[in-house]
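So the chains spell out like this:
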Amino acid sequence: MARYVFITGGVVSSLGKGLASAALGALLQARGFTVRLRKLDPYLNVDPGTMSPFEHGEVFVTDDGAETDLDLGHYERFTGVPARATDSVSAGRIYMNVLEKERRGDYLGRTIQVIPHVTNEIKEFLRVGEDEVDFMLCEIGGTVGDIEGLPFFEAIRQFAHERPARACIFVHVTLLPFLAASGELKTKPTQHSVKELRAIGIAPDILLCRSEHPIPEKEREKIALFCNVRPDAVIPAYDLRSIYEAPLAYHRAGLDRAVLDAFAISPAPRPDLRRWEDVIDRLENAEGEVRVAIVGKYTRLEDAYKSIAEALTHGGMANRVRVRAEWIDAEIFEREDPSPWLEGFQAILVPGGFGERGTEGKIKAAAFARLRRIPYLGICLGMQMAVIELARDCAGLADAGSEEFDHDAGRRRFTPVVYHLKEWVQGNRTVERKPTDAKGGTMRLGAYTALLAPGSRAAAAYGATTIEERHRHRYEVDIRYRDRLEACGMVFSGMSPDGRLPEIVEMRDHPWFVGVQFHPELKSKPFAPHPLFADFIRAAVEVSRLV
Ligand code: GLN
């Protein structure tokens, strides 16, 4: 049976609870334990799949096809443990399950209430797969005191109460604000936040205190005394230059030690931190820099492309260079010539996206990369735009476009080189979709196999001809245009096993031009950079050497 660590937050949101959870997972692994991380989100959407990236940042997709919170991306990047659909839940999903059971008649005439029915549903979620790992780390979204979060806090309280002593611990992440006027760190908000937790029956074992300034010993003792935790369980968490410093920094601050102490695990296995020392060495001892332009739509919010930003960093680490990613709003290229904007970059990336806004600009970015022979990586929508660009410019389809932007099928604006995918094979079953289907959870989602053409750039980068990558899309490049596009120098180098769905395209006579229908960024890790990102950055380094 797994031991449980519950991670909660107080004082303010955005304290980096997800990162702290991920780093703790990595530290427990370094001490030889197996871990799984989970996220419980109190909002009412069933999953973040239908939310705008502006609302919620990136949607992280699991192998088994769930659309989840971006914190699951941190968990995977730090632990390498592939997340599952059962690692992410929202209040909306919990209520939906409860209400479906009610409609089925499972509750046999009883009144359905938050306690016990909703809390039981949450506890059931917590238990899934508990025999598989040593530690289950469960992060509660939001901050203590939020109305929506209450059933979750009540459920974890009950859960710990029902388990043997020392089977569950609570880590509370708080903030120590610094008052410049008096030159002091203030502990009162932390005290209040802990008080709030205690009022709902949860006594934290460990406090992870975010602070921009060193926490003096006497403040640490004060927090320990007033919050009723041991002084060595008050862990300072200072701002870091890179998120990948978190495991080593938290280890030095005593976080994993405090966790093992709280579980009374003794003697504590010694940690092997070499993986993280190597990661930091690669980050800090990079030689040179390449500039990558990311031409997208949600450029105002970096979290919208979190995994891409991280995968680029990993690609840099693989080549021991720093990657400077700069975000450019694709719409600018609909008004202005992209050349002055894009000259000076060693690589161009067009990420995934939804909807027509900005797509003509992305097409111009793809054209610039193709004609100027700049390394180009097109991801999902970025691949579709590259194909449309070539179709228009070379394949004689001046009105090529995507069905995604043609809402009135009776009066077509485009030749649908990218069409609405209505049927595909998943394992040994056929999935069917209609344009009128509900939007939530109906895309082609999760891991699918692709077969790569031997000798292609993709096969060389992967060092394999069978790969598995994660998908999240509704539209697809139409295979019927393959011959015409191949005549223009495009190679369909990755295909679904049935040969019907293009998964990777690349340009034959180009230094590096690759479009992928899937999201490689979701599987990249600092200690295992994704092969496509590593090769993309390698190509960018070559460009920088030429000039
Ligand atoms: N909007 C496109 C589609 O649904 C691309 C999706 C994406 O980039 N993730 O196919």
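Residues numbered from 1 in each chain as written. Predicted model: local features only at pLDDT ≥ 70, side-chain atom pairs only at ≥ 80, totals over all residues. Heavy atoms only, no water.

Draft legend 1. Local environment of the site of the ligand. Lining the immediate surroundings of the ligand are G352, G353, F354, C380, L381, Q384, E404, R472, H473, R474, Y475 and H519. At a separation of 2.7 Å, a nitrogen atom of the ligand approaches a polar side-chain atom of E404. R474 has a polar backbone atom sitting 2.9 Å from an oxygen atom of the ligand. Burial of the ligand by the surrounding chains reaches 99%, relative to a free accessible area of 290 Å². Mapped onto the shell around the ligand, the elements with two or more residues apiece are α16 (381–393) and β21 (466–473). Here the residues of the shell around the ligand are counted per class, giving 4 nonpolar, 5 polar and 3 charged. (Near = heavy atom within 4 Å. Polar contact = N/O pair within 3.5 Å; in protein donor to acceptor, adjacent residues only side chain to side chain. Areas by Shrake-Rupley, 256 points an atom, 1.4 Å probe, with all protein chains shown as cover. Helix = DSSP H or I, 4+ residues; strand = E, 2+ residues; numbered from the N terminus. Nonpolar A, V, L, I, M, F, W, Y, C, P; charged D, E, K, R; others polar.)

Draft legend 2. Region of the structure containing the packing of aromatic side chains. Counting across every chain of the model gives 13 aromatic pairs. Residues F6 and F170 carry aromatic rings whose centres are separated by 5.4 Å and whose planes lie at 25° to one another, so their mutual orientation is stacked. Here F6 is found in strand β1 (residues 3–9), whereas its partner F170 is found in strand β7 (residues 168–175), with 164 residues between them in sequence. The exposure class of F6 is buried, given its relative accessible area of 0%. The exposure class assigned to F170 is buried, which follows from its relative accessible area of 7%. Connected via pairs of aromatic rings, a cluster forms that spans Y4, F6, F159 and F170. The positively charged end of R275 is found above the aromatic ring belonging to F527, 3.6 Å away from the centroid. (Phe/Tyr/Trp six-rings, centres within 6.5 Å; stacked < 30°, edge-to-face > 60°. Buried < 20%, exposed > 50% of the residue type's maximum accessible area, 1.4 Å probe, protein only. Lys NZ or Arg CZ within 6 Å of the ring centre and 35° of its normal.)

Remember, this is a structural readout, not a statement about activity or role.
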